[in-house]
Amino acid sequence: MIFRLPLLPLARRQFLCHAAVLSFLTGGATTYALAQNKPAYPRQPVKLVVPFAPGGSTDIVARVIADAMRGPLGQPVVVENKAGAAGLIGAEAVARAQPDGYTIGVGTISTLAVNTVVLKSARHDPLRDFAPITTLAQIPSVFSTHPSLGVGDLQSFIATMRARPDHYTIGSAGVGSIGHLIAESMNAELGIRMRHIPYKGQGPVVNSALAGETQVLSDQYPSSSSLVQSGRLVPFAVAAQQRLPTLPQVPTLAEAGYPALNRLAITWFGLVAPAGTPQNVVDTLNQAARDALKTPAVRERLAQLGVQPLGGTPAQFAQLIAQTRSQVEQLVEQRRIPME
């Protein structure tokens, strides 16, 4: 036996049909409206290129910021390390990337202001090939000596160096490195003559200072703090915006009358995108990074590392790059530092 459902009256069927069509149309309009309201950028994860190996200060800070940028952007920021050639490989990878905001990089005082002046192999121009996004942070440097030197402050250091020109030594991570430039700048600004000893990396530089093979050390404070606090190295100055809370008795080079040396010895880094990246994308990344830097968790972590958060506009970062690069160019010319 076959049961048939009763047919609805014609008017009822027409009403249901019209309702279905209306529902389809309004649903489509809602979907379209949501699509229109969805941000055009970013719609996929953003790659952040770090031009140094994992585990260093640049890499650590980059990962802290990248994690915190996920919230404001609504997409993951994935760190990719491209180390080699003093940061050139990673920097040039960013410069050659598509300017769509999905590949950005960490730019440092070395990759943006030093390498392009002192390394002949550098094929990128920091002011032509990148779109600055924002400064991220800066790391103070500490200047110290081996305890056997008997130096306790900046004035006694200068007097000791001037008493025996070309006798005392200072190491760096290599000819043309930021450490080498700082050493040459110390000679010029302080009116002294230390001999520069190049090593292969900052690790051997610190070890030579601890052993007394070199008498003077310039190093980022986070990596030297335990050595200074334990008395294995004796600090006589810091390069920072203000005195460090853990070294309140040690003056900054700026307050001691050497602002140019103070500026050069502060390590800074920020975010850059390939040149030609749309301004609205740069602005989105800038705001996301600045929001990340304001979060208590990020500020607490950076404070633990001895790192000062910055932030700022793209124009301010561009100005910092240009000023530092000009300072490096003048120093290289004045001290006749050979290009590698």
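In this report, the structure presented in the accompanying data block is examined. (Residues numbered from 1 in each chain as written. Predicted model: local features only at pLDDT ≥ 70, side-chain atom pairs only at ≥ 80, totals over all residues. Heavy atoms only, no water.)

**Regarding the nonpolar core**
By size, the foremost hydrophobic cluster in this structure holds 48 residues, and its most contacted members are Phe143, Phe157 and Met186. Elements supplying a minimum of two residues to this core: helix H3 (88–96), helix H4 (109–118), helix H5 (154–163), helix H6 (178–190), strand E9 (234–239), helix H9 (259–265), strand E10 (267–274) and helix H12 (314–335). When neighbours within four sequence positions are excluded, Met186 is seen to be in contact with Phe143, Phe157, Ile170, Gly191, Ile192, Met194, Val216, Phe236 and Leu261. Val50, Leu73, Leu285 and Ala289 belong to the second largest nonpolar core, which has 36 residues in total. (Core = buried A, V, L, I, M, F, W, Y, C linked by side-chain atoms within 4.5 Å. Buried < 20%, exposed > 50% of the residue type's maximum accessible area, 1.4 Å probe, protein only. Helix = DSSP H or I, 4+ residues; strand = E, 2+ residues; numbered from the N terminus. Contact = heavy atoms within 4.5 Å.)

**Focus on the pairing of strand E3 (residues 103–108)**
Taking burial as the measure, the 6 residues of E3 include 6 buried ones, the bulk of the element. What you see with E3 is no split at all: Thr103, Gly105 and Gly107 on one side and Ile104, Val106 and Thr108 on the other are buried throughout. With 3 bridges joining them, strand E1 (residues 46–50) and E3 adopt parallel strand pairing. Looking across to E3, one finds that Lys47 is bridged to Thr103. Relative to E10, E3 is paired through 4 bridges, and the arrangement is antiparallel. If you follow Thr108 over to E10, its bridge partner there is Phe269. (Pairing = 2+ DSSP bridges.)

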